[in-house]
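Architecture at a glance
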Amino acid sequence: MEDSSKEPPVLQHYVAERDTVLIRTFGTCDVNINKLRLGMLVEALEDLKESVLRVRVTDTVGGCKTWCGTEWRCHKYDLIPVSQKVWQYLLAVQSPQERIRLVNDVTLYEQIQNISVNDLVWYHSGPANKRIKELAFVRYIGPVQQLGPGHYFGLELLKKPESLQTSLLAKEYFTSTHWSAAAIFAPVNNILPHKETNSVAGIDKTLFLKNNTGTDYVNDKKKSVLDSTPAVLLEQFTLFDDNKNNNQESVNILKDCHQAGKSDLENDVNNYKAIDHMLFKCGNGEKNETKKFNRIENKGDLMIGSNVKVLLDSDIHYGIIRWIGTPPGTSPGKLIAAVELDKGHPLGTDGTYKDIRYFHCRPFRAIFTDIEHCSQYENLDERSALINNDKFGNMESSVIAGIVRPISVKGDLESICGKYRGIQGHHNSCYLDATLFSMFTFTSVFDNLLFRPPNEKDCPQYEEVQRVLREEIVNPLRKNMFVRADRVMKLRTLLEKLSSVSGLTSEEKDPEEFLTSLVAQILNAEPFLKLSSGQDAYHYQLFVEKDDHLNLPTVQQLLEQSFLTSNIRLKEVPSCLIIQMPRFGKSFKMYQKIQPTLLLDVTDIIEDSPRQCTVCGKLAEFECKKCYGQCGVGLESIAFCLQCLEKVHRHERRTNHEPKKLNVPMEFTILQEHCPVPRLYLELSAVVCIETSHYVSFVKCGPGSEAPWCFFDSMADRKGEQNGYNIPEMVPCPDFPYWLSEEGGNYLTELTDDRHLPEHAKRLLCDAYMCMYQSPDVMMYK
């Protein structure tokens, strides 16, 4: 019989490349959602659909008890796959940054995997700026219980240091032949492979190796190498600049050895390494081809170190060329310039291009572009002004003309989430940031606002407002996932000047005030809703009487109750329906929690739309408002066919009801025996929430029921104090559909204390202010 307690097999080992969200799928702990942090290690137990993994976390970074006996759901985009051997090595590395550095260095990663017992390696320790490398032989690879989890390297140093804390452990783990007092254990980040090199430029260079059983060294070539190095060559060596190698260190080694004639083994090896590097850079043999990996000296007037301006997304950006060359996969002869920008750009990197690192810089600062797109500049004052304009941070926010389609995400939401994503908040702009983000990022339902041509009824500034909204906010948001606050302030200033709503540039406002200002008064858009009362509207405010027996009302219930109470209908199915919850800002909430409805049934609130009999399901011909809730739920419960109407109203409690005949379309009356009565639905696209005067939003990231959801906050973080700036952030919300499902509703109904809700669930259910719905079918014709 199979042992049920046996752990599931591991499919693949990973290290987290960045912070990412995890959803608990198995085991018990105090949270359902947790954060996997950069550098943490996981084991994949199952490959789920759409690049999602079921993982087990090995937390050697945070020491959190949450991971014990639990399994989690995670997107593999944020994970770097590693071999089991390297994964064991990484367990012993305490620094998460060091773990990422090791696995991202492709060459080093491959070399580390090939290190075996008795290999010669470099051992280095101490602070990064004072590290000294020492040669050592690998005498043991594996776990060291006394040092903690992971696999360590047991080293026999060629030169014994003054003191070693771990040398006594060597007796337990080394073979008796190799144990010595010069023994040490080190994690993989303190190890560098030693690469043997053949003769260069006619100089015979021999590495002094120790055999496995003795202590004799071959050293009869060292003197000829030192004596044959001309002093002028040592001086020329200092002229070369290579960021990847510390040339000055090698020069100092050469000069010291040339003057003092040191002869111990460590100096011999260092001497040969330095001379080999010098010949590698200065010689005229085949080794000169290294230049194509480091740089090409210049291209016309442009060279490494040139101050240049680059055209990106119709905006000029300034920076310095750090590398010129032809990266792998690029057309032969085409030169690419790596430019370190003065200010960040959403498409920038930290110096990598197609997973290969060419130089180091801050995130979002490196742009790799055709060198023909770069040009030197002369106006230093212009660049200086741009560099010093840090009021809103260093991220670029381009002006993008034309048409940019909404973003559609399928399974890889994490790739567009994180800090500096969305619209940057500034001076109480959250009401506008959350609303604009909800309206335009992932849907085109409001795009007619961006492209309607002006007419004689529009104000003179109509086209300017439309252009700012389209080219400085919506298009950059969709293309680069970032809009800087000064771009939004330009729109706010125009709205303040042109509309009847005051205080839009500085005061706290509500989303409906912004919609009135922008959509109704300035853009003069056609109202989204046409009511049977003859009125038009851009959003619908729910007016209901509180039902004390309703613990967790849904938007579906409240909408139908509101339409029944108001005795109105919609004249047609709207392309979008913005519903304002029964609350007044932050001061009053009718219900403590409201559950937004994912798929809103509007069949019974559309005037003259075919409806079903609540009893038999056939085409309804009458409605009776006094029967509300007696023969079913919602507005569906008041619709009857003739036969069921007569039968239901025979009851003595309903003899005084006054049914009303419905206006059924003639064509549907004819076809009712052959066509089932259709139901009309709207999809939830966004929920704008408010808590203590601050607006945020939950937004659906694409069309269809499978599209993921994200949480957006334009002021999630802040850099600096009074003179600082806000940092917007997008966060994936994989549990969003659960909280709006029947199962989630049942859980919420039984929950007595809202403080036990996860943070995002609490904000969604307790702080919902406005729900945005859309009809994909009607959108096609608008």
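Residues numbered from 1 in each chain as written. Predicted model: local features only at pLDDT ≥ 70, side-chain atom pairs only at ≥ 80, totals over all residues. Heavy atoms only, no water.

- Where an unreviewed UniProt entry is consulted, the protein chain appears under the name ubiquitinyl hydrolase 1, with the organism given as Cardiocondyla obscurior.
- Per its UniProt entry, the protein chain bears the Catalytic activity (unreviewed entry) comment "Thiol-dependent hydrolysis of ester, thioester, amide, peptide and isopeptide bonds formed by the C-terminal Gly of ubiquitin (a 76-residue protein attached to proteins as an intracellular targeting signal)." (UniProt positions renumbered as here; feature names shortened; annotations may be inferred.)

Thoughts on the overall build of the protein chain
- Across its full length, the protein chain holds 22 helices and 39 strands.
- Pairs at least 24 residues apart make up 64% of the contacts formed inside the protein chain by residues separated by at least 6 positions.
- Counting only carbon and sulfur atoms, one obtains 49% of the accessible surface of the protein chain, whose full area is about 39,000 Å². (Helix = DSSP H or I, 4+ residues; strand = E, 2+ residues; numbered from the N terminus. Contact = heavy atoms within 4.5 Å. Areas by Shrake-Rupley, 256 points an atom, 1.4 Å probe, with all protein chains shown as cover.)

Some words on the nonpolar core
- Ranked by size, the top nonpolar core spans 105 residues in total, and within it Phe-442 and Phe-446 carry the most contacts.
- Considering every element that reaches this core, the biggest residue donor is helix α11 (residues 430–440), with eight residues.
- In contact with Phe-442, other than residues within four places in its own chain, are Pro-406, Ile-407, Val-409, Ile-416, Phe-437, Val-699, Lys-700, Cys-701, Gly-702, Cys-710 and Met-730.
- Core analysis: the next-biggest nonpolar cluster, separate from the first, contains 29 residues, Val-93, Tyr-109, Ile-112 and Val-121 among them. (Core = buried A, V, L, I, M, F, W, Y, C linked by side-chain atoms within 4.5 Å. Buried < 20%, exposed > 50% of the residue type's maximum accessible area, 1.4 Å probe, protein only.)

Quick look at the pattern of salt bridges
- Enumeration according to the criterion identifies 27 salt bridges in this entry.
- Arg-54 is the partner of Glu-71 in a salt bridge, and the nearest nitrogen-oxygen pair spans 2.4 Å. Of the two residues, Glu-71 is situated in strand β6 (residues 71–75) and Arg-54 in strand β5 (residues 52–58); the sequence distance between them amounts to 17 residues. Just as Glu-71 is buried, Arg-54 falls in that class too.
- Among the ionic pairs, Glu-526 bridges to Lys-530, the shortest N-O distance being 3.5 Å. (Salt bridge = Lys/Arg side-chain N within 4 Å of Asp/Glu carboxyl O.)

Digging into a nonpolar patch on the surface
- On the surface, Leu-598, Leu-599 and Tyr-681 cluster together into a nonpolar patch covering about 260 Å² of accessible area.
- Here Leu-599 lies in strand β31 (residues 599–601).
- Given the relative accessible area of 46%, Leu-599 is considered partly exposed. (Patch = residues over 30% accessible without salt bridge, like charges linked within 9 Å, V, L, I, M, F, W, Y side chains within 5 Å.)

A few points about the packing of helix α1 (residues 84–91) against helix α2 (residues 96–104)
- With their axes 10 Å apart at the nearest point, α1 and α2 run at an angle of 155° to one another. The orientation of α1 with respect to α2, classified from their angle, is roughly antiparallel. Considering the relative orientation of α1 and α2, their crossing is right-handed. Two secondary-structure elements touch here, α1 through Val-86, Leu-90 and Leu-91 and α2 through Arg-99, Leu-102 and Val-103.
- For the contact of α1 with α2, the class distribution of residues is five nonpolar, no polar and one charged. (Axes fitted to C-alpha atoms, helices over the stretch in contact; angles between N-to-C directions. Parallel < 35°, antiparallel > 145°, perpendicular 65-115°, else oblique. Left-handed = near helix turned anticlockwise from the far one by under 90°. Nonpolar A, V, L, I, M, F, W, Y, C, P; charged D, E, K, R; others polar.)

Points about the sheet that holds strand β4 (residues 41–47)
- What the seven strands build is an open sheet, ordered β3-β2-β6-β5-β4-β1-β7; its pairing is antiparallel. The open sheet has two free edges, formed respectively by β3 (33–36) and β7 (79–82), since each of these has just one partner strand. Across this sheet, the average inter-strand angle for adjacent strands is 45°, counted without regard to direction.
- Relative to β6, β5 runs antiparallel, the two being bridged by four bridges. Residue Leu-53 lies in a different strand from β6, and its bridge partner there is Cys-74. (Pairing = 2+ DSSP bridges.)

Comments concerning the packing of α2 against helix α3 (residues 106–113)
- Taken N-terminus to C-terminus, the directions of α2 and α3 make an angle of 90°; their axes are 5 Å apart at the nearest point. Of the possible angle classes, the one that applies to α2 and α3 is roughly perpendicular. Each of Arg-101, Leu-102, Val-103 and Asn-104 in α2 lies in contact with α3, whose residues at this interface are Val-106, Leu-108, Tyr-109 and Ile-112.
- Of the residues belonging to the contact of α2 with α3, the class tally is six nonpolar, one polar and one charged.

Some details on the pairing of strand β16 (residues 315–325)
- With respect to burial, β16 is a largely interior element, nine of its 11 residues being buried.
- Taken together, the six bridges between strand β15 (residues 307–312) and β16 define a ladder with antiparallel strand orientation. Bridge pairing in β16 links Leu-312 to Asp-315.
- Two elements, β16 and strand β17 (residues 336–341), share six bridges in a ladder whose sense is antiparallel. Bridging from a neighbouring strand, Ile-324 pairs with Ala-337 of β17.

Things to note about the sheet that holds strand β8 (residues 120–125)
- With antiparallel pairing, five strands are arranged side by side in an open sheet as β11-β10-β9-β8-β12. The open sheet has two free edges, formed respectively by β11 (183–186) and β12 (191–193), since each of these has just one partner strand. Pairwise comparison of adjacent strand axes, ignoring direction, gives a mean angle of 50° for this sheet.
- Strand direction decides the pairing type here: strand β9 (residues 132–144) and strand β10 (residues 148–157), joined by eight bridges, are antiparallel. Bridged to Val-138 within β10 is Leu-155.

Side note on the side chain of Asp-601
- Summarising the element assignment, Asp-601 is placed in strand β31.
- For Asp-601, a relative accessible area of 13% corresponds to the buried category.
- In this structure the side chain of Asp-601 is engaged in a polar contact, spanning 2.7 Å, whose partner is the side chain of Thr-603.
- Those residues within four positions of Asp-601 in sequence are excluded, and the remaining contacts are Gln-556, Glu-560, Arg-679, Leu-680 and Tyr-681. (Polar contact = N/O pair within 3.5 Å; in protein donor to acceptor, adjacent residues only side chain to side chain.)

Some points on the packing of aromatic side chains
- If you walk through the whole model with that rule in mind, you get 20 aromatic pairs.
- Their ring planes at 50° and their centres at 4.5 Å tell us that Trp-323 and Tyr-358 sit as a pair that is tilted. Residue Trp-323 is found in strand β16, and its partner Tyr-358 is found in the loop between β19 (356–357) and β20 (366–370); the two are separated by 35 residues along the sequence.
- Taking the relative accessible area as the measure of exposure, Tyr-358 reaches 17% and is therefore buried.
- For the ring pair Phe-446 and Phe-528, a centre distance of 5.6 Å and an interplane angle of 65° mean the geometry is edge-to-face. With Phe-446 in the loop between α11 and α12 (448–451) and Phe-528 in the loop between α15 (511–522) and β25 (529–530), this pair connects stretches of sequence that are 82 residues apart.
- In this structure an aromatic cluster arises from ring pairing among Trp-323, Tyr-353, Tyr-358, Phe-359 and Phe-368.
- One residue, Lys-133, lies across the ring of Trp-122, its end atom 5.0 Å from the ring centre. (Phe/Tyr/Trp six-rings, centres within 6.5 Å; stacked < 30°, edge-to-face > 60°. Lys NZ or Arg CZ within 6 Å of the ring centre and 35° of its normal.)

Describing the pairing of β8
- Most of β8 sits inside the fold, with five of its six residues counted as buried.
- Where β8 meets β9, six bridges bridge the pair, whose relative direction is antiparallel. Note that in β9 the partner of Ser-125 across the bridge is Ile-132.
- Pairing between β8 and β12: three bridges, direction antiparallel. Following the sheet pairing, Val-121 is matched in β12 by Pro-193.

Describing the confidence of the model for the protein chain
- Residues with a pLDDT of 70 or more make up 77% of the protein chain, whose mean pLDDT is 77.
- Scored below 50 in pLDDT, residues 197–295 shows 127 contacts in the model against residues more than four places distant or in partner chains. (pLDDT = per-residue confidence, 0-100.)

Side note on α2
- For α2, the full list of buried residues reads Pro-96, Glu-98, Arg-99, Ile-100, Leu-102 and Val-103.
- The secondary structure elements touched by the buried residues of α2 are β1 (12–16), β4, β7, α1 and α3.

Here we look at the environment of Ala-183
- Mapped onto the secondary structure, Ala-183 falls in strand β11.
- Judged by its relative accessible area of 0%, Ala-183 falls in the buried class.
- Here the alpha-carbon distance between Ala-183 and Val-138, two residues 45 residues apart in the chain, equals 9.8 Å.

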